[in-house]
Amino acid sequence: MTAPVPRGCNGRVLTDRTTTSPLPRARALTGTSAPPRRAVWVAGWLAAAVWALGFPLVSTLETHRVWGISATAGYAGAALAAWWLPRPRARALALGSACAGAVAVPLVTLLLTGRGQSEVGVIERSGVLLVRQASPYLTDPQNVGEYTPYLPGMALFGLPRALFGDEALPLRILGDARLWCAGVFLVCLRAGVVCLRTAAPRPAAQGAPQASYRTGLAVLLASPVVALPLCVSGVDLPLAGLCCLGLALAARGRPVAAGLALAAACALKWTAWPAVAVAAALLGTVTGARAALRCAGTAVAGAVAAALPSALLAPGPMALQVLAFPAGRGDVPTPAASPLPGRLLADLGPLGWYAAVVLLLCGAVAVAATLVLRPPATVTAAADRLAAGLCVAFLLAPAGRFGYLALPVLLVVWPRLAHGHAAGREADRKAR
């Protein structure tokens, strides 16, 4: 004898959704038993609020203080919304509070007042110099603010300032390098997740994978890892986005496109150059050695072509500002002086500096050996390997900042969001 089918008062069969969904909502409203997932959200937003609160209490930079005050309020509001409100509304309002407090309010405030970290002024000045003298480097820098420790490609984000100027408020905002850095970052992430899809999107495929990715991406953008640099400097965001896009293209077996994306990243900062080796190892596993060589050749040729004009026009200033200054060997001390292991060794004197360099090279060799002995086969594995290599570089470099570690965090988090989204879309397609 079969069990009776539960029916409502109108005679309709009660589904799992109708029979089970009111219970968590009832518990949330009565406060008798908060769901574990709700506790995770609350704990995450509270941790972000505590982190942001440290900036107005400790930092001497006005931009960090502005961001910290606003972000603390936004994260605290997000934690309160996640804990107090019913579940259907809690997540949306929590994300709205976090995005408003950590991104929208401080970014608008800093743009309207014309404040930003020194990196913003350096990028915008390099764009002006690129237009005037075809090289973004001053010939005789006298202080830290006159050094440009980036490769010539970074000057492209300063071209809007050279074009629009800074006299009128709308043009001053439009020419701010932070907006263009953030724009490239978001475009690269969008292109990366589209690239990772194994099938063309269908209009009906709007289920859990799509919503999950959007929620995860919103959390990532509102987190201190992205929100802080986006508001105060933005300098590392385009590099991170291009690295993610390059690895995504490599995972799909598109060596030339991956090489072009990585060439653009390598034209910004030396930090991106390890991504070429990782992408080549990934392509070697996915497609073959010929594709790996095409990717590496395209990336190196493109990066060299971008740097060659400045190297020919101003070889001395470029070597001083791009090589010596970031390594702590320039005429002016670098402000990248966080107490990381490599910096602590370099502070011991010349012998300590050479010891830090030797350890850095040993770490690079170890990471390179893993690429040969156990090459990555997925975009997630490749991003993890690149993140590990960059962590070694940032920790053991003679000069560095804690903020540099945001790039490895992005490399670990975003590919998992994007890969899970693409896998979910493919599973949804096969199920239909």
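Model, not experiment: these values are computed from the prediction. (Residues numbered from 1 in each chain as written. Predicted model: local features only at pLDDT ≥ 70, side-chain atom pairs only at ≥ 80, totals over all residues. Heavy atoms only, no water.)

Counting secondary structure elements, the chain contains 20 helices and 0 strands. When the 432 residues of the chain are sorted by exposure, 44% land in the buried category. Considering only contacts in the chain between residues 6 or more positions apart, those separated by 24 or more positions represent 72%. If you sum the accessible surface of the chain, you get close to 21,000 Å²; carbon and sulfur atoms cover 69% of it. (Helix = DSSP H or I, 4+ residues; strand = E, 2+ residues; numbered from the N terminus. Buried < 20%, exposed > 50% of the residue type's maximum accessible area, 1.4 Å probe, protein only. Contact = heavy atoms within 4.5 Å. Areas by Shrake-Rupley, 256 points an atom, 1.4 Å probe, with all protein chains shown as cover.)

It is at 7 Å that the axes of helix 4 (residues 62-84) and helix 5 (residues 87-113) come closest, and there the two elements cross at 170 degrees. Taken together, the axes of helix 4 and helix 5 are roughly antiparallel relative to one another. Residues T63, V66, W67, S70, A71, A73, G74, Y75, G77, A78, A81 and A82 of helix 4 form the contact with helix 5, whose own contacting residues are A90, L93, A94, S97, A98, G101, A102, V105, P106, T109 and L110. Its residues placed into classes, the contact of helix 4 with helix 5 shows 16 nonpolar, 7 polar and no charged. (Axes fitted to C-alpha atoms, helices over the stretch in contact; angles between N-to-C directions. Parallel < 35°, antiparallel > 145°, perpendicular 65-115°, else oblique. Nonpolar A, V, L, I, M, F, W, Y, C, P; charged D, E, K, R; others polar.)

With 93 residues, the main nonpolar core has W45, W67, Y75, L247, L411 and W414 as its most contacted residues. Residue contributions to this core peak at 11 residues, all from helix 12 (residues 237-251). Not counting residues within four places of it along the chain, the set of residues in contact with W45 comprises Y75, A78, A79, A82, A94, L95, A98, V219 and A222. Counting 5 residues, the second-largest nonpolar core is a separate cluster that includes Y137, L151, A307 and V322. (Core = buried A, V, L, I, M, F, W, Y, C linked by side-chain atoms within 4.5 Å.)

We now examine unusual backbone geometry. With phi around 65 degrees, A134 is a residue other than glycine that occupies positive phi space. Take A134: it is sitting in the loop between helix 6 (118-133) and helix 7 (159-164). Overall, A134 belongs to the partly exposed group, its relative accessible area being 36%.

Counted by the stated rule, this structure contains 6 salt bridges. Among the ionic pairs, D347 bridges to R343, the shortest N-O distance being 3.4 Å. Its salt-bridge partner being D384, residue R416 comes within 2.8 Å of it at the nearest N-O pair. Separated by 32 residues along the polypeptide, R416 in helix 20 (residues 406-431) and D384 in helix 19 (residues 379-396) bring together distant segments of the chain. Residue D384 is classed as partly exposed on the basis of its relative accessible area, which comes to 26%. (Salt bridge = Lys/Arg side-chain N within 4 Å of Asp/Glu carboxyl O.)

This paragraph deals with the side chain of K269. Here K269 shows up in the loop between helix 13 (255-266) and helix 14 (273-286). For K269, a relative accessible area of 12% translates into the label buried. Sequence-distant contacts of K269, defined by excluding residues within four places in its chain, comprise Y150, L151, M154, D236 and L239.

This part covers a nonpolar patch on the surface. A contiguous nonpolar surface patch, about 320 Å² in accessible area, is contributed by L171, L174, L179 and W180. Judged by its relative accessible area of 39%, L174 is partly exposed. (Patch = residues over 30% accessible without salt bridge, like charges linked within 9 Å, V, L, I, M, F, W, Y side chains within 5 Å.)

For the rest of this paragraph, the subject is helix 12. Taking 1.5 Å as the rise per residue, helix 12 with 15 residues should run 21 Å; its terminal C-alpha atoms sit 21 Å apart, in good agreement. In terms of burial, helix 12 is a largely internal element, 14 of the 15 residues being buried. (Expected span 1.5 Å × (residues − 1).)

For R385, the position within the fold is in helix 19. Buried within the structure, R385 lacks any salt-bridge partner; its nearest side chain of opposite charge belongs to D384, at an N-O separation of 7.7 Å. Among the polar contacts listed, one links the side chain of R385 to the backbone oxygen of R374, at a separation of 2.9 Å. (Lys, Arg positive; Asp, Glu negative; His and termini not counted. Polar contact = N/O pair within 3.5 Å; in protein donor to acceptor, adjacent residues only side chain to side chain.)

The next subject is the confidence of the model for the chain. Mean pLDDT over the chain: 84, with 85% of residues reaching 70 or higher. Within the model, the stretch residues 8-34 combines pLDDT values under 50 with 18 contacts to residues more than four positions away or in other chains. Across residues 423-432, confidence stays below pLDDT 50; counting only partners more than four residues off in sequence or on other chains, it has 14 contacts. (pLDDT = per-residue confidence, 0-100.)

Moving on, we come to the environment of V235. Within the secondary structure layout, V235 lies in the loop between helix 11 (224-232) and helix 12. Residue V235 is classed as buried on the basis of its relative accessible area of 6%. Spatially, the C-alpha atom of V235 lies 6.6 Å from that of C181, the residues being 54 residues apart in sequence.

We now examine the packing of aromatic side chains. Taken as a whole, this structure holds 9 aromatic pairs when the rule is applied. Consider the rings of W51 and F55, whose centres lie 6.3 Å apart with planes at 70 degrees: the pair is edge-to-face. Of this pair, W51 and F55 both sit in helix 3 (residues 36-58), 4 residues apart, which is roughly one turn of the helix. Seen in terms of ring centroids, W270 and W273 are 5.8 Å apart; in terms of plane orientation they differ by 35 degrees. Their pairing is tilted. Note on W273: relative accessible area 25%, which makes it partly exposed. Ring pairing ties together the aromatic residues W41, W45, W51, F55, W67 and Y75, which thus form one cluster. Its guanidinium or amino end placed over the ring of Y404, K269 lies 5.4 Å from that ring's centre, counting from NZ or CZ. (Phe/Tyr/Trp six-rings, centres within 6.5 Å; stacked < 30°, edge-to-face > 60°. Lys NZ or Arg CZ within 6 Å of the ring centre and 35° of its normal.)

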